[in-house]
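Residues per chain, in single letters:
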Amino acid sequence: MKTVDATQQPVGKTRRRTPIIIVVVALVLAAGGLGTWWALSRPEGAQRADVARLDKQRVIVDTSMNLYDPLVQDFTARYTNVVSESADEQEKETVLQQETERLQRESRTNRARLDQMAESPALGDGSLADAFNRFKEHYGAVVDYNDQRITNTANITRSVGGPCAPLHADLNVTSPTYAEDYVKTADACLGALADAKDTSDPATVELLTGIEGVIKGQRDKQQEVLDATSELERLAKRTTAGVALLDINDALGKVRTTYETAVKESSTKLVDEANSSNEELGRVLKERLDRFDAAGQEGK
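Fair warning: this is a prediction, and the values are worked out from it, not measured in the lab.

Draft legend 1. Looking closely at the overall build of the protein chain. When helices and strands are counted, the protein chain shows nine helices and zero strands. In sequence order, the protein chain lays out its α and β elements as α-α-α-α-α-α-α-α-α. The buried share of the protein chain, taken over its 300 residues, is 33%. Relative to all contacts within the protein chain whose residues are 6 or more apart in sequence, the contacts with residues 24 or more apart total 75%. Of the roughly 18,400 Å² of accessible surface on the protein chain, a fraction of 56% belongs to carbon and sulfur atoms.

Rendered as structure tokens:
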């Protein structure tokens, strides 16, 4: 048997590989040359196509913002239903994750669109850049607000519509164990409200704190019934607690109204700022396009 030199390659394979290498090198050089040609031949400054593309992206972002409200409404309806139906925790969590992911996917898409717009060559124009920066800031704030709105809605539904709901829906006020049942249920409610405040925004924390105060006041009055040492004292405490319950709807109504007013003011401000910045950017882009058209040019 002849000894084969390991450094030697079969002649046939070498011949077949050489043309392949030449082709690959040629393609690389061509690609590099094409990139260089594009960079050198492209006129300097913002081009009409860049400005027109940025305007189309602006319209897409603005239109997509209108999707949030129906998505949030669907989320609220589905999650409220599953919580009110006392479904098991796994089912509640599944609905929450599914609906939250739909909204977060929309938010990720819009953030990506804003980032893509920020890379536009048209933003080399100072007036366009300033208008776009305001647009991105305000629309980014709307996206953040909608993300937080989902968290707020989930927190309110999970607490007020969950452990707190039986306080004024399921408990029988004529039951001899009403005071005991109320205290036990109120403690679960207060615990849920405290947990809900951890990830809520300031306005929602204020709402939950207000509800917490009303429920705690009622809970303490029912505890006084349980702590009474005589039947006469117990009757008096029960009467006082019963009278206090008559005012609970008004108290909770005031807390809710305060919250709704605060949310409406903050959301209106965000939307107005976004609309204003959208109109400003649209105006600046149109002016730039009109200048291109008047000059009959594609570049500066």
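After that view, the rundown keeps rolling.
Draft legend 2. Structural detail: the nonpolar core. Membership of the largest hydrophobic core comes to 36 residues, with the highest contact counts inside it found for Tyr 79, Met 117, Leu 128, Phe 135 and Leu 281. Only α2 (48-65), α3 (68-84), α4 (89-118), α5 (126-159) and α9 (248-295) provide two or more residues apiece to this core. No other element matches α5, which puts 10 residues into this core. The contact partners of Tyr 79, leaving out residues within four places of it in the chain, are Lys 92, Val 95, Leu 96, Ala 154, Thr 157 and Arg 158. Membership of the second largest hydrophobic core comes to 18 residues, among which are Cys 189, Ala 196, Leu 208 and Leu 245.

Draft legend 3. Examining the pattern of salt bridges more closely. By the definition in use, this model includes 24 salt bridges. A salt bridge links Glu 231 to Arg 234; its shortest N-O distance comes to 3.0 Å. Within this pair, Glu 231 and its partner Arg 234 are both found in helix α8 (residues 231-245), separated by three residues, close to a single helical turn. The class of Arg 234 is partly exposed, set by a relative accessible area of 24%. Here Lys 286 and Asp 290 are joined by a salt bridge, their closest N and O atoms 3.0 Å apart. With Lys 286 and Asp 290 both in helix α9 and four residues apart, the pair spans about one turn of that helix. Several salt bridges share partner residues, and in doing so they unite Asp 74, Arg 78, Glu 99 and Arg 102 into one network.

Draft legend 4. Structural view of the packing of aromatic side chains. Applying the stated criterion to the full structure yields four aromatic pairs. When the centroid spacing of 5.9 Å and the interplanar angle of 15° are considered together, the rings of Phe 75 and Tyr 79 count as stacked. With Phe 75 and Tyr 79 both in helix α3 and four residues apart, the pair spans about one turn of that helix. The buried category is assigned to Phe 75, whose relative accessible area is 0%. Overall, the relative accessible area of 3% leaves Tyr 79 in the buried class.

Draft legend 5. Structural context of α4. For α4, with 30 residues, the first-to-last C-alpha span of 42 Å sits near the 44 Å given by 1.5 Å per residue. For α4, every residue scored as buried is listed here: Lys 92, Val 95, Leu 96, Glu 99, Thr 100, Leu 103, Glu 106, Ser 107, Asn 110, Leu 114 and Met 117. Packing partners of the buried residues in α4 comprise α2, α3, α5 and α9. At the N-terminal end of α4, a side-chain oxygen is found 3.1 Å from the backbone nitrogen of Gln 90, two or three residues along, and the residue is Asp 88.

Draft legend 6. Here's a closer look at the state of the cysteines. A full pass over the atoms with the stated rule returns one disulfide. In this model Cys 164 forms its disulfide with Cys 189; the gap between the sulfur atoms is 2.0 Å. Linking Cys 164 and Cys 189, the disulfide has an S-S dihedral of approximately 90° and is accordingly described as right-handed. Placement of Cys 164 in the loop between α5 and α6 (178-197) and of Cys 189 in helix α6 is noted, with a sequence separation of 25 residues between them. Residue class for Cys 189 comes out buried when judged on its relative accessible area of 0%.

Draft legend 7. Structural detail: the packing of α5 against α9. Contact pair α5 / α9: the axes reach a minimum separation of 9 Å and the direction vectors enclose 155°. Put simply, α5 runs roughly antiparallel to α9. Judged by the sense of rotation from one axis to the other, the crossing of α5 with α9 is left-handed. Tallied by class, the residues present in the contact of α5 with α9 amount to 16 nonpolar, eight polar and four charged.

Draft legend 8. Focus on the confidence of the model for the protein chain. Across the protein chain, pLDDT averages 84, with 83% of residues at or above 70. Here helix α1 (residues 11-41) stands out as the element of the protein chain with the lowest mean pLDDT, 44, in contrast to α6, whose mean of 96 is the highest. Of the regions scoring below 50 in pLDDT, residues 1-17 engages in one contact with residues more than four places distant in sequence or in other chains.

Rules of the game
Residues numbered from 1 in each chain as written. Predicted model: local features only at pLDDT ≥ 70, side-chain atom pairs only at ≥ 80, totals over all residues. Heavy atoms only, no water. Helix = DSSP H or I, 4+ residues; strand = E, 2+ residues; numbered from the N terminus. Buried < 20%, exposed > 50% of the residue type's maximum accessible area, 1.4 Å probe, protein only. Contact = heavy atoms within 4.5 Å. Areas by Shrake-Rupley, 256 points an atom, 1.4 Å probe, with all protein chains shown as cover. Core = buried A, V, L, I, M, F, W, Y, C linked by side-chain atoms within 4.5 Å. Salt bridge = Lys/Arg side-chain N within 4 Å of Asp/Glu carboxyl O. Phe/Tyr/Trp six-rings, centres within 6.5 Å; stacked < 30°, edge-to-face > 60°. Expected span 1.5 Å × (residues − 1). Polar contact = N/O pair within 3.5 Å; in protein donor to acceptor, adjacent residues only side chain to side chain. Disulfide = S-S within 2.5 Å. Axes fitted to C-alpha atoms, helices over the stretch in contact; angles between N-to-C directions. Parallel < 35°, antiparallel > 145°, perpendicular 65-115°, else oblique. Left-handed = near helix turned anticlockwise from the far one by under 90°. Nonpolar A, V, L, I, M, F, W, Y, C, P; charged D, E, K, R; others polar. pLDDT = per-residue confidence, 0-100.

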